[in-house]
Amino acid sequence: GGSDDSATTASPGAGTGSAAPAATGPKVGLAYDIGGRGDQSFNDAAAAGLDKAKAELGLADTKELEAGNGETEAAKEERLRLLAQGGFNPIIAVGFAYSGPVKKVATEFPDVKFAIVDDEAAQGPNISNLVFAEHEGSFLVGAAAALKSEKNHVAFVGGVRTPLIDKFQAGFTAGAKAVKPDIKVDADYLSEPPDFSGFNDPAKGKTMAEGMLDGGADVIYHAAGGSGGGVFEAVKAANAKAIGVDSDQAKTAAPELQSVIMTSMIKKVDVAVFEFLKAAAAGSAKAGPTVYDLKAGGVDYSTTGGQVDDIKAKLDEYKQKISAGEITVPAKTS
Amino acid sequence: MKPAESSFADRLLGRVRLSGLLSLAAPVVAILFAALITSIVLLATGAPPLDTLAIMGEYGVQPRSIVLTLNDATTFYLAAIAVAIGFRMNLFNIGVDGQYRLAALIAAAVGGAVVLPGPLHIVLVILVAMLVGAGWASIAALLKVKRGVSEVISTIMLNAVATALGSWLLNRERLAVEVSGSNNIGTEPIAESGRVPGLALIPGTESKVFGLIFLAIAVGIGYHVLLNRTRFGFDLRATGRSETAAVASGVSVKKMIVMAMLLSGAAAGLIGMPQLLGASYSYSLDFPTGLGFTGIAIALLGRNHPVGIAFGALLWAFLGTSAGILQLHDIAPEIVQIMQGTIVLSVIIAYELVHRYQIAAEQRRVSKELASGTPPQAEGASA
Amino acid sequence: MTEERDTTAEMRVEQVERVPSKFRFTWKVLLLALGALVLLLSFTRFVTGAVDLTSAGAINATVALAVPIGLAGLGGLWSERAGVVNIGLEGMMILGTWGGAWGAIQFGSPWAGVLVGLLGGAFGGLLHAVATVSFGVDHIISGVAINILGLGITQFLSKVTFAEMKGGGDTQSPPVPKLDPVSIPGIGEPLKSLEEQRWFLLSDLAGILRGLTTNVSLVTVLAILLVPLTFYVLWRTAFGLRLRSCGERPVAAESLGVNVYTYKYVAVVVSGALAGLGGAFLSLVASSAYREGQTAGRGFIGLAAMIFGNWRPGGLAAGAGLFGYTDALQLRRGGESVHALLLLVAVLLAGVAVYQLVKQSRTQAAVFTGAGAVIVFALFALTDSIPAQFTSVTPHITTLLVLSLAAQRLRPPAADGVPYRKGQAK
Amino acid sequence: MEEAVISTSTPAVELEGITKRFPGVVANRDISLSVQQGHVHAIVGENGAGKSTLMKILYGMQRPDEGEIRVNGTAVGFRSPADAIGVGIGMVHQHFMLADNLTVLENVILGSEPRRAGVAIDFGTARRRIRQISDTYGLGIDPDAVVEDLGVGARQRVEILKVLYRGARILILDEPTAVLVPQEVEELFGNLRELVREGLTIIFISHKLDEVLSVADAITVIRRGTTVASVDPGDVTARQLAELMVGSELPSPETRESTVTDVVALSVRDLSVHSADERCIVDGVSFDIRKGEVLGIAGVEGNGQAELVEAIMGMRAAEGEIRLGEEDISAWTTLRRREAGIGYIPEDRHRHGLLLEAPLWENRILGHQTRRPNVKGPWIDRAGAREDTRRIVDQYDVRTPGIDVDAAALSGGNQQKLIVGREMSGDPVFLIASHPTRGVDVGAQAAIWDHLRAARAAGLAVLLISADLDELIGLSDTLKVILRGRIVADVDPRDVTPERLGSAMTGAGEAA
Ligand SMILES: Nc1ncnc2c1ncn2[C@@H]1O[C@H](COP(=O)(O)OP(=O)(O)OP(=O)(O)O)[C@@H](O)[C@H]1O
Ligand SMILES: Nc1ncnc2c1ncn2[C@@H]1O[C@H](COP(=O)(O)OP(=O)(O)OP(=O)(O)O)[C@@H](O)[C@H]1O
Ligand SMILES: [Mg+2]
Ligand SMILES: [Mg+2]
């Protein structure tokens with residue numbers, strides 16, 4: 001195992017360029033899962049956290065690497081190693097697929113701080129696990145959907161049937177049923193793993209949403225990454241309501257579609273990343289899981305557009321109950 | 001009568017008899033050409049081509065990169081052999097992808113469920129994988145011989161079905177176990193006895209080469225011997241060259257289709273083994289995908305020849321590995337994909353050009369002999 | 001032993017005989033078949049209550065899902081009719097998705113996007129033509145290379161274009177200007193109310209008609225028109241005859257003074273353009289942005305649809321339609337509709353069994369098919385829905401089922417995939 | 001031909017100093033040729049002499065390395081057949097240039113389509129013109145038939161129609177009679193005379209020298225790529241012509257003394273074959289072949305001969321009984337039949353006889369892949385197979401640079417000799433010889449006949465199928481005529497003429 005000394009000098013003026021002139025802070029490495037910066041999903045959220053840190057913490061250098069399609073764990077390990085050898089510290093791995101690699105590489109570089117998003121299986125003295133209670137956030141938007149549904153019928157479009165997306169579905173269903181026990185909740189997925197095209201196929205997202213709308217649903221929540229655009233289009237054409245995911249999509253979606261997004265389940269990867277970087281810069285990064293749940297403000301619902309203002313009180317009440325532990329939201333559908 | 005499209009199938013099947021220096025010329029020309037195209041693309045985006053290639057080269061020869069390359073090449077090699085078995089019989093098995101994924105999943109589940117003494121455990125897992133791969137391939141084979149369904153369509157469709165089946169199986173209620181705190185889902189990890197230890201082949205790094213690299217080598221030798229030294233291989237190649245002639249010679253084409261498909265599927269079953277038994281020990285959502293398609297490209301690049309495929313796999317793996325370093329230097333790693341595509345195209349074009357050059361050279365030789373008064377040969381005596 | 005001999009012999013018959021089916025596919029037969037299909041769907045819908053089987057929405061989605069597949073298939077048809085196997089359709093389609101989005105954004109018009117997408121695909125086709133026609137490279141190798149290149153080039157281009165734009169990224173474009181769908185005015189509402197009556201046959205017809213006439217993009221109309229247009233050009237014009245002759249017997253064409261290279265070039269470039277159009281449809285019409293991986297293997301499915309359709313435009317349209325329909329059903333209300341399809345399949349299998357028994361006197365085959373019908377019916381009767389994982393492969397399984405039921409009389413162009421060089425005729 | 005039009009001053013075609021090289025071979029060397037207008041000009045020569053190459057040069061399909069072509073006195077330089085068609089040259093190729101999947105009409109009009117509005121094919125006009133030409137020359141062609149469904153005779157007529165359709169004045173016919181039976185040949189010659197009467201010029205290539213003598217006005221002999229003689233058909237006999245071609249005596253297929261024994265080697269009873277659409281292609285055929293006997297089957301192509309052979313080989317499902325010696329082999333696989341001692345010289349060597357892209361020694365194994373010296377157990381015995389291939393090459397005079405060249409590199413005649421050698425070396429008890437000398441030159445033909453005779457004398461039973469009636473009559477001990485899948489006549493080969501046999505084959509006359 002090597003350490004900082006074997007550093008090959010990273011090319012200056014790297015890529016996105018460090019904005020802050022005070023290049024005194026740490027060099028930060030970020031390893032994305034497939035998609036990388038600009039996926040308008042959780043990779044992008046991590047990037048936003050990094051950007052914020054760059055602006056506020058005066059990072060010396062940043063480097064963002066991205067996974068390739070269908071690659072092996074060894075390739076991910078190597079990516080982390082390259083960053084570690086390049087003197088980047090801390091290093092953030094975005095996505096549960098980095099679980100094994102982070103665990104392995106962290107032991108090779110005990111002096112480097114690692115963080116991994118969406119995984120708490122990889123534990124170690126220099127690993128911070130940034131995990132989210134997506135089901136809790138989804139519960140809130142599920143409740144919002146039920147409150148807004150006029151036909152007592154809501155739906156969920158998942159991108160790919162993975163345990164992570166299942167969490168969204170479980171929370172959403174629980175939230176809707178909490179409001180109206182007899183509500184009908186449709187749920188379906190666009191593709192089956194390891195076919196991850198369901199996150200990138202807006203055409204199919206649109207078709208699925210249309211089917212749900214034709215079937216009587218009038219609020220649709222998606223956790224389908226890039227396919228969500230198709231969901232919004234279908235919802236717009238049917239004059240129904242949509243719920244965004246991960247970021248406040250009423251702000252980030254295509255302008256003409258923003259109006260159909262009544263709320264979004266926000267998963268604050270950016271906050272988690274930023275907080276981790278801040279702590280790391282201060283030398284106080286905490287090893288082990290940090291759970292970004294409702295209580296910690298790690299997940300939330302958005303209010304942009306004011307469409308949920310009328311039910312805000314009700315939602316906040318649920319939020320309160322979940323935070324207080326009065327309601328336990330299931331993290332799995334079955 | 002069909003015109004004899006003689007030597008072309010030869011060249012496709014990798015049986016070109018290019019002599020001496022010329023046989024080296026083709027790949028060298030091709031790689032130079034690919035490098036040229038890549039350089040143009042790099043220049044267009046402002047990255048210095050020579051430096052880029054230098055970076056890749058430098059990184060590629062580091063011990064750890066070599067291990068990575070060897071490991072990837074092992075997998076690629078098996079994938080390409082699986083595809084090549086079909087190709088030699090003009091069977092286009094696009095389904096290698098589905099076959100290996102399903103095989104790896106079920107083999108992983110079986111491997112995780114039992115504990116047997118060392119070698120036995122490993123053998124069991126590998127056998128299960130081969131059986132599942134062959135079994136899945138047999139559907140396409142049966143559809144072809146019983147119902148005449150083109151294997152191109154059926155394997156494309158069966159890939160999707162394998163995905164669905166795999167997803168259904170990879171479930172807590174069936175073959176998967178939960179790892180607490182993980183968003184991943186996978187089969188029960190295979191116990192120590194079922195793992196194949198890595199080999200410290202490359203000095204200067206702790207990374208180990210897959211122990212199953214020997215499996216790949218053995219498969220390559222087996223492929224060569226089976227096809228070129230056995231009756232079965234003769235029948236298989238005969239069927240690939242001319243189905244009608246094979247039938248007249250007493251080969252049962254249907255049987256050969258089934259056998260070739262089964263063999264291809266069994267080889268496909270092996271694709272996931274180095275990774276499964278040497279690194280992951282469990283089949284989960286992040287198990288590598290798409291290897292069947294990589295296999296097609298490499299089989300074609302290596303012209304279905306066991307040694308050619310080995311070179312193809314190493315080159316492919318080397319490029320893939322060195323893509324990693326490019327990002328660190330802010331060069332788009334996609335350039336590697338452009339390079340790979342260009343190499344496939346230019347290798348085959350180069351072979352074609354070299355071949356034509358040879359013909360022209362031959363023609364000149366004849367003319368010269370004629371001019372110098374050597375008696376001409378009556379029969380076509382082209383060497 | 002006997003068994004083995006029989007199979008060999010059968011094989012030979014299939015291979016050697018290749019009797020062109022004397023059965024002519026006339027308009028009357030077509031209409032009759034369509035009628036029977038609607039009746040069957042209507043019956044199934046009526047019995048199972050799975051209204052989506054004939055709903056306007058499902059039909060509308062069918063068309064939208066079938067168009068990119070059909071366009072890729074048409075691309076394959078053009079190329080293979082001229083004797084060039086085109087496994088690079090996926091790559092050409094990918095170039096089309098990127099070109100479509102980039103063109104639309106760059107020139108601010110969706111039609112410009114359509115054009116650039118077309119050109120992007122044509123570029124892929126040109127590459128394929130250069131490799132296969134000029135250099136005599138094996139068609140499959142070239143196609144595989146183009147698939148790899150198509151992906152690499154678009155990823156790379158996205159990085160240098162879309163990533164710089166607001167709302168775009170490495171793997172996606174900003175939203176593109178959209179084409180508004182059109183409807184035939186005045187018939188949507190009446191049809192809708194008729195459809196909602198849920199009457200046997202009438203409501204089903206209304207649903208189907210409404211799905212076809214409302215909310216359709218002009219690009220869709222264009223794509224559908226390309227099917228008869230292709231038929232006309234390839235089968236009714238001098239150009240088409242020459243092009244097809246290059247796929248059947250290039251030396252014969254050469255011996256009559258046809259410039260085979262030219263026709264192959266044109267065919268393969270058009271092939272790429274059509275696949276590119278299919279790609280542009282994905283990024284411009286079916287959705288409103290380019291996303292990496294958006295084609296999701298549709299190029300391969302298009303190729304399959306073309307083989308399914310026996311290298312004919314009508315057949316491939318049917319193949320694409322079948323795929324689109326089953327895909328629409330499973331995506332829209334998978335559990336319910338696909339379960340209902342089981343009943344339809346059972347009825348269909350029973351019909352085939354009777355046909356085999358009565359018309360063909362193939363007792364053994366009839367018994368097999370009949371048993372299949374019983375099993376499928378039992379599956380239908382004993383379950384309430386299909387495991388969700390499996391509904392997603394409805395189109396794939398349907399394709400396999402149809403292909404294995406339909407007696408195989410597929411016949412590719414005789415010189416398909418055979419490299420050709422001028423002056424090699426014997 | 002008596003009524004040859006007196007030639008005008010300028011020859012229709014003049015070739016001067018034509019040279020054409022292929023890798024390893026000089027196909028044409030300094031050839032000169034002059035064809036008078038209104039003549040039937042025959043070109044004869046051994047296989048590979050360079051006849052087809054010369055004609056392709058004249059038709060613009062190949063470009064000569066050296067030399068000049070003049071048509072009607074004007075020098076021309078063809079870049080493609082389109083140019084040749086433009087000056088009124090048409091060619092019927094040695095191998096059919098037809099797309100099987102297309103209709104006759106499509107094949108005919110290809111490249112010269114009548115159009116409406118410049119784009120759409122005018123099918124009506126095309127159909128009318130084809131019918132008209134067909135009627136004028138009595139070709140009997142249905143424009144809407146699919147070529148695949150046509151027999152060889154009809155295909156040959158379609159080829160001629162293609163040329164006439166383009167209004168060609170100079171016709172090149174490269175071995176047009178190779179696949180025709182006498183009646184068809186006669187019809188064809190009738191057509192040719194008709195054309196000549198209208199002032200057309202015909203260049204005609206054939207290996208059948210008596211035909212050449214009967215139809216030609218002038219004959220040019222080519223040997224090894226050069227013109228060796230120009231003769232008048234009135235001045236030479238077939239024998240002399242052959243000597244000019246090869247410098248050897250014209251061989252004859254005649255078999256003198258009978259070697260027939262009374263041990264039945266193969267017995268076929270009520271053999272029937274049905275096609276996929278249930279038509280009966282072979283209908284209750286029965287016969288016995290004894291050791292040392294050659295049984296000839298005469299018939300116009302497409303009357304079930306091919307299917308009969310394939311049924312006996314087990315390549316095609318059939319009803320009825322086939323016994324080899326004492327054993328009922330009806331249910332055996334092709335492989336088992338071959339192992340039991342059935343040899344097979346297929347009708348189409350490229351489709352059924354060879355792996356064109358495999359070296360000769362691998363072709364030696366084909367069909368014998370379970371037997372020594374080719375295999376040892378499950379392993380291919382390379383050394384054994386190669387050794388034995390060398391033996392065949394020597395013994396059967398296969399002209400090849402070596403046993404590692406691909407079969408495709410051999411000329412047709414040599415390919416055929418290799419096949420004959422291979423099939424003879426399995427110690428067969430029964431041999432199927434389907435058109436064993438088709439497209440083979442006189443020298444190789446004689447060699448193949450000799451081999452067949454020798455094997456017969458050694459007790460081999462042979463089923464011989466051939467379109468060459470002289471060969472059939474000369475080699476057979478017994479002759480049967482097949483028509484529409486049925487054996488319709490038994491003929492005594494000792495007292496039948498090709499003409500009478502020919503009429504029996506068409507069902508027109510009654511043979512002995
Ligand atoms: N395209 C080609 N490439 C290479 N060699 C060729 C080609 N075509 C013909 N040859 C060679 O040229 C020689 C003359 O061939 P050609 O076909 O003209 O003979 P031919 O006189 O027509 O014989 P046959 O009577 O068998 O038809 C042959 O030896 C053959 O090997
Ligand atoms: N496409 C080709 N490429 C290379 N060589 C060819 C090609 N076509 C023909 N030849 C040459 O032509 C010869 C075989 O062709 P072909 O069978 O026409 O010869 P041939 O002399 O006419 O034979 P035969 O006498 O039996 O009819 C070989 O010498 C081969 O090298
Ligand atoms: Mg010849
Ligand atoms: Mg010839």
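Structure: above.
Fair warning: this is a prediction, and the values are worked out from it, not measured in the lab.

Each value, and the rule that gives it
Residues numbered from 1 in each chain as written. Chains lettered and ligands numbered in written order. Predicted model: local features only at pLDDT ≥ 70, side-chain atom pairs only at ≥ 80, totals over all residues. Heavy atoms only, no water. Helix = DSSP H or I, 4+ residues; strand = E, 2+ residues; numbered from the N terminus. Rg over C-alpha atoms; globule rule 2.2 N^0.38 Å. Buried < 20%, exposed > 50% of the residue type's maximum accessible area, 1.4 Å probe, protein only. Contact = heavy atoms within 4.5 Å. Areas by Shrake-Rupley, 256 points an atom, 1.4 Å probe, with all protein chains shown as cover. Lys, Arg positive; Asp, Glu negative; His and termini not counted. Charge placed at Lys NZ, Arg CZ, Asp CG, Glu CD. Axes fitted to C-alpha atoms, helices over the stretch in contact; angles between N-to-C directions. Parallel < 35°, antiparallel > 145°, perpendicular 65-115°, else oblique. Left-handed = near helix turned anticlockwise from the far one by under 90°. Nonpolar A, V, L, I, M, F, W, Y, C, P; charged D, E, K, R; others polar. Expected span 1.5 Å × (residues − 1). Bend = angle between axes of the 7 residues up to and from the residue. Polar contact = N/O pair within 3.5 Å; in protein donor to acceptor, adjacent residues only side chain to side chain. Buried area = accessible area lost by both parts, 1.4 Å probe. Salt bridge = Lys/Arg side-chain N within 4 Å of Asp/Glu carboxyl O. Phe/Tyr/Trp six-rings, centres within 6.5 Å; stacked < 30°, edge-to-face > 60°. Patch = residues over 30% accessible without salt bridge, like charges linked within 9 Å, V, L, I, M, F, W, Y side chains within 5 Å. Pairing = 2+ DSSP bridges. Right-handed = clockwise from strand over helix to strand, strands pointing away.

> Can you break down the overall build of chain A residue by residue, with the values?
Looking only at helices and strands, chain A features 10 helices and 12 strands. For 334 residues, the compact-globule formula gives about 20 Å, and the C-alpha radius of gyration of chain A, at 20 Å, lands near that figure. Split into buried and exposed, the 334 residues of chain A put 60% on the buried side. Expressed as a percentage of contacts within chain A between residues at least 6 apart in sequence, the contacts between residues at least 24 apart total 67%. Carbon and sulfur atoms form 51% of the exposed surface of chain A, whose accessible area is close to 11,200 Å². Looking at chain A, you have 33 positive and 45 negative side-chain charges, and the mean spots of the two groups are 3 Å apart.

> Explain the packing of helix 4 (residues 123–136) of chain D against helix 5 (residues 152–165) of chain D residue by residue, including any values.
Residues and elements named next belong to chain D. Orientation of helix 4 relative to helix 5, taken along the N-to-C sense of each, is 110°, at an axis distance of 10 Å. In terms of orientation, helix 4 lies roughly perpendicular with respect to helix 5. Like other packed secondary-structure pairs, helix 4 and helix 5 cross with a definite hand, here right-handed. Facing Arg129, Ile130, Ile133 and Ser134 of helix 4, the residues of helix 5 in contact are Leu161, Leu164 and Tyr165. By residue class, the composition of the contact of helix 4 with helix 5 is five nonpolar, one polar and one charged.

> Break down helix 9 (residues 218–236) of chain C for me, citing the residues and quoting the values.
Think of an α-helix as turning once every 3.6 residues; residues three or four places apart then point the same way. With 19 residues, helix 9 of chain C should cover 27 Å at 1.5 Å per step; its first-to-last C-alpha distance of 26 Å lies within 8% of that length. At C:Val227, helix 9 of chain C is deflected by roughly 30°, the largest bend along its length, and proline C:Pro228 occurs up to four residues later in sequence. All of the buried residues in helix 9 of chain C are C:Val219, C:Thr220, C:Ala223, C:Leu226, C:Thr230, C:Val233, C:Leu234 and C:Trp235. Where the residues of helix 9 of chain C are buried, they touch helix 3 (56–81), helix 5 (110–134), helix 10 (238–248), helix 12 (260–286) and helix 14 (313–358) of chain C together with helix 4 of chain D. Its side-chain oxygen at 3.1 Å from the backbone nitrogen of C:Val219, C:Ser217 defines the N-terminal cap of helix 9 of chain C.

> Before we move on, can you summarise the interface of chain B and chain C with the specific residues and values?
Contacts between chain B and chain C engage 58 residues on the former and 56 residues on the latter. Area buried by chain B at its contact with chain C is led by B:Arg147, B:Met157 and B:Lys254, which between them contribute 13% of it. For the pair chain B and chain C, the interface holds one salt bridge. The residue C:Lys159 makes a salt bridge to B:Glu334 at a minimum N-O spacing of 3.2 Å. Here the side of chain B that touches chain C gets 14 residues from one element, more than from any other, and that element is helix 15 (residues 334–371) of chain B.

> Quick rundown of the packing of aromatic side chains? Include the residues and the values.
In total, this model carries 22 aromatic pairs over all chains according to the counting rule given. Ring geometry for A:Phe139 and A:Tyr318: centres 5.6 Å apart, planes at 70°, overall edge-to-face. Here A:Phe139, found in helix 4 (residues 134–148), pairs with A:Tyr318, found in helix 10 (residues 312–323); they are 179 residues apart in sequence, far enough to count as distant. Since its relative accessible area comes to 11%, A:Tyr318 is described here as buried. On the numbers, 5.6 Å between centres and 40° between planes, the contact of C:Phe239 with C:Tyr263 is tilted. Here C:Phe239 is found in helix 10, whereas its partner C:Tyr263 is found in helix 12, with 24 residues between them in sequence. Each residue in the set C:Trp98, C:Trp102, C:Phe107, C:Phe162 and C:Tyr290 is aromatic and connected to the rest through ring pairs, giving one cluster.

> So what about a nonpolar patch on the surface? Which residues, and what values?
All names here are of chain C. On the surface, Leu39, Phe43, Phe46, Val47, Phe200 and Val347 cluster together into a nonpolar patch covering about 520 Å² of accessible area. Broken down by element, the nonpolar patch gets its largest block of residues, four residues, from helix 2 (residues 27–48). The residue Leu39 is located in helix 2 in this model.

> Can you tell me about the side chain of C:Ser288, naming the residues and giving the values?
Structurally, the position occupied by C:Ser288 is in the loop between helix 12 and helix 13 (298–308). A distance of 2.4 Å separates a polar atom in the side chain of C:Ser288 from a polar atom in the side chain of A:Glu233. If sequence neighbours within four positions are ignored, C:Ser288 has contacts with A:Glu233, C:Pro174, C:Pro175, C:Val176, C:Lys178 and C:Ser283.

> Could you give an account of the pairing of strand 7 (residues 184–191) of chain A, with specific residues and numbers?
All names here are of chain A. Strand 7 sits mainly inside the fold: six of its eight residues count as buried. Strand direction decides the pairing type here: strand 6 (residues 153–160) and strand 7, joined by seven bridges, are parallel. Following the sheet pairing, Val154 is matched in strand 7 by Val185. After leaving strand 6, the chain enters helix 5 (residues 163–179) and then returns to the sheet as strand 7, a path that is right-handed.

> Give a description of the sheet that holds strand 9 (residues 241–246) of chain A that names residues and reports values.
All names here are of chain A. Within the open sheet, the six strands sit side by side as 7-6-8-9-10-12. Their pairing is mixed. Of all strands in the sheet, those with a lone pairing partner are strand 7 and strand 12 (299–301), marking the two edges. Between one strand axis and the next, the sheet turns through 15° on average, direction left out of account. The pairing of strand 10 (residues 261–267) with strand 12 spans three bridges and is classified as antiparallel. When the bridges of strand 12 are listed, Ile266 appears paired with Asp300. Of the strands in this sheet, strand 6, strand 7, strand 8 (219–223), strand 9 and strand 10 are in contact with helix 5, which crosses strand 6 at around 175°.

The values reported here are purely geometric and, on their own, carry no functional implication.
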